[in-house]
Amino acid sequence: GMVSNWTKIPPPLFKKVVIVLIDALRDDFVFGSKGKQFMPYTTQVVERGTSYSFIAEAKPPTVTMPRIKALMTGSIPGFIDVIVNLNSPALLDDNLIWQAKTAGKRIIFYGDDTWVKLFPKHFVEYDGTTSFFVSDFTEVDDNVTRHLDRVLKREDWDLLILHYLGLDHIGHMTGPNSPLVGPKLREMDNVLKKIHISLLSKEEASLPNLLVVCGDHGMSETGSHGGSSEGEVHTPLLFISSAFEKRSGPLTQPKLVQQTDLASTLAVGLGLPISRNSVGNLILPVVGGKTMREQLRFVHLNGFQLSRLLQENTPAYEKDPGYEHFKIAEKSHGNWIKLYLEGNNSEILLNLGKKVLKQYLEALKTLSSSLSKQVAQYDVYSMMVGTVIIMEVLLLLLLSFPKALSSRAEFEVPLSPPLFSLLFYLMCLMLCAVHVIVCTSAESLCYFCSMSWLTAVGVMMLISALMCGILSAIAKIFENSRLPLKNPVVSSSRWSEINVLILAGTIGHVLSLGASSFIEEEHQTWYFLINTLCLALCQELCRNNFLLKEYDPQHGITVKQNFDSIGEASECKNIDIPAAGNAKLSKATSSAEFIQGSDKWISLASPWIILICCRLLRSLNQTGVQWAHRPDFGHWLTSSEHKSELSFLAAVSLLMIFFLVQRRCSLVSKIAMALGLLGVYSYRAAIGNVIFPWQHDTKDISKGITEARFVYVFVLGIVFTGTKDLLKSQVISADSSVKSTGLREVYSGLVLLAALLFRPHNLPVLVFCLLIQTMMTKYIWRPLKFDAAQITIMHYWFGQAFFYFQGNSNGIATVDVSAGFVGLESYVEIPAIFLTAFATYAGPLLWAIHLLCYLSSEVNRDSAAVGHGCFCYALMRSIPVAIYIVLVTGLRYHLFIWSVFSPKLLYEGVHVFITAAICLFFTAMDQNHSHRVQD
């Protein structure tokens with residue numbers, strides 16, 4: 001009967017508990033110089049008061065909803081919670097709030113409405129505020145504080161939870177070094193002072209009260225969060241109660257604990273069972289004032305819960321070192337109890353008690369770390385099904401390569417005969433049988449097995465159809481290779497340097513995705529590739545300007561190399577490529593007179609100018625992980641003492657954008673563009689980023705909603721004008737000039753939108769993007785007459801590089817959430833998601849739309865250019881994504897799976913959606929394709 005008595009829940013240690021969660025509270029905001037300066041009361045309590053202070057380490061992803069889950073359940077949430085964070089479903093896992101409600105505790109909550117969504121019907125009183133409207137710094141906290149005086153006077157509650165969002169919003173908008181951070185910390189200090197004094201005044205002799213101060217996550221040097229940098233994962237955790245001894249002696253650095261430890265510590269403090277799935281350890285100092293017998297009982301409860309969780313998750317749990325340590329500690333504990341019951345109160349008993357306590361703590365630590373590693377339970381079957389479909393699609397794309405890049409630009413999946421073949425039905429039956437076996441024998445929950453049978457059979461049919469398509473495509477290739485060649489090609493044809501570079505770069509980038517360091521610093525790969533590409537283009541320009549003064553028949557062979565490999569393959573397959581060879585030969589004949597006079601020297605200088613632009617852009621935003629903390633030009637510009645320099649740069653950038661973009665637009669669009677860019681500057685001035693020359697810095701900061709909406713009107717106007725021209729070219733007349741104008745207008749509308757959403761210091765990125773596109777079009781691509789495939793890949797590479805030039809990385813912390821709220825008065829989900837996605841992927845998007853503009857203007861030279869471009873763009877995106885999914889599946893137990901590989905997978909997923917939208921737009925704009933459909 002003794003063991004069962006050990007696992008009974010002890011009585012509570014505290015009468016009332018108040019949890020104050022300050023969103024994005026970094027550890028140095030309390031324990032550093034900012035804390036001393038702006039939080040004097042909290043600092044005094046930490047240094048000299050009855051408190052215990054710790055640094056709580058959060059696990060990535062460091063976004064609010066998973067962190068609340070970790071704090072209340074003690075478990076480690078999955079990475080999918082980053083996406084679910086936008087609209088949190090009710091939490092079904094065993095958690096502290098549910099246990100407290102079941103035990104009859106009355107809980108009151110004010111603050112972030114994520115809690116209300118996670119714990120519906122758990123609070124006797126609540127008032128939720130939306131967490132996503134990041135341009136609100138004051139109201140969002142005032143809505144919490146206004147309830148305080150009334151609630152603190154009342155006696156009808158046991159647990160009060162307050163979640164303050166203002167600090168997080170300031171971080172998102174202006175960063176951790178903003179002048180707004182200090183006043184906000186002072187405001188929080190006054191709130192904590194009010195609560196602490198009230199709790200002390202209402203204490204009774206029986207049970208003390210407890211105040212817990214914590215953060216859900218920290219913030220990075222740019223003010224964002226989601227990643228795993230020290231600033232994002234380290235948050236302060238304070239326990240303040242009259243039950244603790246007053247701090248004395250020299251100040252020590254706060255000890256590091258896990259964020260998951262709070263759930264088990266509060267459960268013991270409130271006299272509740274520890275959450276079933278908690279992997280946290282009891283924070284011992286909080287119960288350190290109790291007798292040795294009570295302390296041992298608390299740590300035994302924690303160990304018992306962890307060992308039970310281990311038994312449920314691990315078949316060979318008895319061999320786990322943590323479990324073995326726990327059993328040894330339990331045995332020692334039994335011996336200690338015997339001595340205690342014998343009435344032995346000597347020093348020996350106390351020392352033995354300390355020894356047992358130490359054994360328990362060691363066991364808890366080992367059990368906790370062992371469970372943290374095992375918590376990731378993967379749905380391998382669903383992962384395999386998804387991976388198979390993705391790899392089949394990639395194989396089909398690769399097998400269709402020769403035909404898709406022929407002059408007719410055909411992309412056909414040969415499905416009709418195999419669809420009715422015996423093989424298709426046999427595969428379907430076999431896969432359905434495998435599905436039944438896996439789903440009936442699987443012990444753990446499987447997403448694919450939980451789908452309806454109709455959906456599952458549909459997926460099996462898709463896999464079978466794709467497999468039959470691949471097999472028939474391979475069969476066709478073998479069949480055609482046996483046919484005699486109509487026109488044997490010279491086999492000694494060699495690839496150009498550009499083609500070799502494109503192939504080597506693509507393969508090199510894909511291989512680099514297997515290493516965590518290369519993913520963290522992926523921007524370096526793209527910077528290296530575009531720099532190398534510029535040097536290769538420089539060589540090509542020199543050859544065309546100096547070595548090919550007269551037509552060299554030998555070079556006629558070497559310049560039409562691009563299609564030789566494709567030409568060879570297609571000739572084998574009886575596919576004609578009439579346009580390819582002719583276009584390439586005309587390239588050599590026109591090379592002598594293709595550029596004259598000063599343009600020739602500008603053309604030769606253009607790769608070097610592009611290299612200089614890229615170098616300047618690299619110093620604007622430090623990104624990645626290794627050097628992200630290093631100061632860059634962007635940090636210098638955004639500091640409050642350089643506002644006039646930033647204002648000048650923003651004004652010059654907006655003028656340059658106007659001159660670069662308006663050249664081919666109609667007069668109405670030019671006026672709209674000019675007014676729109678003026679509106680962009682007015683918006684940034686209204687929210688306090690920049691200043692007008694006549695304006696003093698003391699102007700009141702507003703949300704700039706009117707100014708932003710003024711710009712949106714012009715964006716929609718320009719895009720509408722362009723769309724009208726595009727529809728006219730598609731429906732009424734097949735005039736390529738109308739279509740080109742329409743595309744240009746849509747493109748300039750998107751540039752205006754990007755200018756509005758980009759932070760002012762990032763406007764030069766947009767300027768250099770337009771400048772490089774203009775130079776490459778006029779002085780490199782047109783004179784050298786590259787084919788559509790090469791131009792598409794160059795656009796793709798530059799798009800990827802500009803993604804990183806913007807300051808993005810493969811970590812979630814670099815997503816600029818504030819872009820989603822430009823011109824919005826309150827949080828509206830769809831516009832906020834669209835604007836955030838557009839601002840993040842503006843680089844790749846603008847390069848993709850420019851590619852479409854360029855290829856549409858080249859239709860007279862190569863009628864299949866848009867079709868080729870669309871296919872190559874889809875292929876360039878598919879190869880790294882498909883290989884990366886296979887790599888991540890293989891590396892799912894890697895140490896950095898949550899901090900490095902998973903965020904990258906999330907970025908890749910969103911990029912695939914955007915690429916699919918781009919390819920649909922390409923297909924809609926493909927005149928060649930629409931003519932074939934009409935035929």
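This one's a predicted model, so the numbers in the text were calculated from it and none came from an experiment.

Draft legend 1. Fine view of the overall build of the protein chain. When its secondary structure is counted, the protein chain shows 41 helices and 8 strands. Taking all 935 residues of the protein chain together, the buried fraction comes to 56%. In the protein chain, once contacts between residues fewer than 6 apart in sequence are set aside, the share between residues at least 24 apart is 78%. Here the protein chain displays about 40,500 Å² of accessible surface, and carbon together with sulfur accounts for 64% of that area.

Draft legend 2. Region of interest: the pairing of strand β3 (residues 107-112). Among the 6 residues that make up β3, 6 are buried, leaving the element largely enclosed by the rest of the structure. As judged from the 5 bridges shared by β3 and strand β5 (residues 159-164), these two strands associate in the parallel manner. If you follow I108 over to β5, its bridge partner there is L160.

Draft legend 3. Geometry of the environment of V510. Within the element layout of this structure, V510 appears in helix α23 (residues 497-512). Measuring from C-alpha to C-alpha, the distance between V510 and A882 comes to 9.7 Å, with 372 residues separating the pair along the chain. The contact partners of V510, leaving out residues within four places of it in the chain, are I879, P880, I883 and L887.

Draft legend 4. Quick look at the packing of helix α35 (residues 763-784) against helix α38 (residues 842-857). At their nearest, the axes of α35 and α38 sit 12 Å apart, and the two run at 25° to each other. One element, α35, and the other, α38, form an angle in the roughly parallel class. Both α35 and α38 take part in a crossing whose hand is right-handed. Across from L766, C769, I772, Q773, T777, W781 and R782 in α35, the residues of α38 making contact are L846, W847, H850, Y854 and S857. Along the lines of polarity and charge, the residues of the contact of α35 with α38 split into 7 nonpolar, 4 polar and 1 charged.

Draft legend 5. Highlighting the environment of M467. Looking at the secondary structure, you find M467 in helix α22 (residues 453-482). For M467, the residues in contact, after removing those within four places along its chain, are E392 and M427.

Draft legend 6. Spotlight on the state of the cysteines. Evaluated as defined, the whole model comprises 1 disulfide. Shown here is the disulfide that connects C439 with C449, its sulfur atoms set 2.0 Å apart. Taking the sign of the S-S torsion, -85° for the link of C439 and C449, the bridge is left-handed. Of the two residues, C439 sits in helix α21 (residues 422-441) while C449 sits in the loop between α21 and α22, which places them 10 residues apart along the sequence.

Draft legend 7. Just the sheet that holds β5, in detail. With respect to topology, 8 strands assemble into an open sheet ordered β4-β3-β5-β1-β6-β7-β2-β8, the strand pairing being mixed. Each having just a single partner strand, β4 (125-129) and β8 (255-258) make up the two edges of the open sheet. Pairs of neighbouring strands in the sheet enclose a mean axial angle of 20°, with direction left out of account. When β3 meets β4, the two strands line up parallel, connected through 5 bridges.

Draft legend 8. Looking closely at α22. Taking 1.5 Å of rise per residue, 30 residues should cover 44 Å, and α22 covers 44 Å from first to last C-alpha, within 8% of that figure. Of the positions making up α22, those classed as buried are A456, V459, M460, I463, S464, A465, L466, C468, G469, I470, A473 and N480.

Draft legend 9. Inspection of the side chain of T114 at higher detail. Tracing the chain through its elements places T114 in helix α8 (residues 114-118). Engagement of the side chain of T114 in a polar contact is seen with the side chain of D112, the distance being 2.8 Å.

Draft legend 10. The packing of aromatic side chains, seen in detail. Counted according to the given criterion, the structure contains 30 aromatic pairs. Feature note: the residues W526, Y796, W797, Y873 and F922 constitute an aromatic cluster, connected by ring pairs. When the ring centre of W157 is taken as reference, the NZ or CZ atom of K16 above it lies at 4.4 Å. Over the aromatic face of W601 sits the side chain of K600, whose NZ or CZ is 5.4 Å from the ring centroid.

Draft legend 11. Region of the structure containing the pattern of salt bridges. Counting across every chain of the model gives 23 salt bridges. Among the salt bridges present, the one from D127 reaches R146, with a minimum N-O distance of 2.8 Å. Residue D127 is found in strand β4, and its partner R146 is found in the loop between α9 (139-145) and α10 (148-153); the two are separated by 19 residues along the sequence. In this structure, E540 engages R543 in a salt bridge whose closest nitrogen and oxygen atoms are separated by 3.4 Å.

Draft legend 12. Quick peek at unusual backbone geometry. Even without a glycine there, the phi angle at A24 is positive, about 65°. Considering the arrangement of structural elements, one finds A24 in the loop between β1 (17-22) and α2 (27-31). Its identity as a non-glycine residue notwithstanding, K785 has a phi of 50°, on the positive side. In this structure, K785 sits in the loop between α35 and α36 (788-805).

Draft legend 13. Up close: the packing of helix α25 (residues 522-547) against helix α29 (residues 598-618). Direction vectors running N to C along α25 and α29 enclose 170°, while the axes themselves pass 9 Å from each other. As far as their axial angle goes, α29 and α25 are roughly antiparallel. On α29, the residues touching Q524, Y527, I530, N531, C534, L535, L537, C538, L541, C542, N545 and F546 of α25 are K600, W601, S603, L604, S606, P607, W608, I610, L611, C614 and R618. Grouping the amino acids of the contact of α25 with α29 by side-chain chemistry returns 16 nonpolar, 5 polar and 2 charged.

Draft legend 14. The arrangement of the confidence of the model for the protein chain in detail. This prediction gives the protein chain a mean pLDDT of 84; 87% of its residues lie at or above 70. This stretch, residues 550-594, has a pLDDT under 50; its non-local contacts, to residues over four places away or in other chains, come to 71 contacts.

Draft legend 15. Quick peek at the side chain of D94. For D94, the location among the structural elements is in the loop between α6 (81-84) and α7 (96-102). For D94, which is buried and forms no salt bridge, the nearest opposite charge comes from R308, at a distance of 6.5 Å. Reaching out from D94, the side chain makes a polar contact with the backbone nitrogen of R276 at a distance of 2.9 Å. Filtering out sequence-adjacent residues up to four positions away, D94 remains in contact with T73, Q99, I274, S275 and R276.

What counts as what
- Going along each chain's sequence as written, the residues are numbered from 1 onward.
- Predicted model: local features are reported for residues with pLDDT of at least 70 only, side-chain atom pairs are reported and counted for 80 or more only, and whole-chain, interface and lining totals are derived from all residues.
- Think of the side-chain values as coming from all heavy atoms in the structure, minus any hydrogens and water.
- Going along the chain from the N terminus, every DSSP run of H or I of four or more residues is numbered as a helix, and every run of E of two or more is numbered as a strand.
- When accessible area is computed with a 1.4 Å probe and restricted to protein chains, residues below 20% of their type maximum are described as buried, those above 50% as exposed, and intermediate ones as partly exposed.
- Residue contacts are counted whenever heavy atoms from the two residues lie within 4.5 Å of one another.
- Surface accessibility in these figures is a Shrake-Rupley result with a 1.4 Å probe; residues are shielded only by whichever protein chains are displayed.
- Paired strands, in this sense, are two strands between which DSSP finds at least two bridges.
- To obtain each axis, a line is fitted to C-alpha atoms, and for helices this fit is confined to the stretch in contact; angles are then taken between N-to-C directions over 0 to 180 degrees.
- Should an angle fall under 35 degrees it is called roughly parallel, over 145 degrees roughly antiparallel, and 65 to 115 degrees roughly perpendicular, with every other angle called oblique.
- When the near helix sits turned anticlockwise from the far one by under a right angle, the crossing is termed left-handed; a clockwise turn instead gives a right-handed crossing.
- Put simply, Ala, Val, Leu, Ile, Met, Phe, Trp, Tyr, Cys and Pro go in the nonpolar bin, Asp, Glu, Lys and Arg in the charged bin, and everything else, Gly too, in the polar bin.
- Count a disulfide wherever a pair of cysteine sulfur atoms falls within 2.5 Å.
- Take the number of residues in a helix, subtract one, and multiply by 1.5 Å to get its expected span.
- In the analysis that follows, any N or O atom pair within 3.5 Å is treated as a polar contact, provided that within protein one partner can donate a hydrogen and the other can accept it, and provided that, for residues neighboring in sequence, both atoms belong to side chains.
- Two aromatic rings, drawn from Phe, Tyr or Trp (for Trp, its six-membered ring), form a pair once their centres lie within 6.5 Å of each other, and the interplanar angle then sorts them: stacked below 30 degrees, edge-to-face above 60, tilted otherwise.
- Charges are assigned to positions over rings by a cutoff of 6 Å between ring centre and Lys NZ or Arg CZ, combined with an angular limit of 35 degrees from the ring normal.
- Whenever a carboxyl oxygen of Asp or Glu lies within 4 Å of a side-chain nitrogen of Lys or Arg, that contact is scored as a salt bridge.
- A residue's pLDDT is the predictor's confidence in that residue, given on a scale from 0 to 100.
- Counted as positive: Lys and Arg. Counted as negative: Asp and Glu. His and the chain ends are not counted at all.

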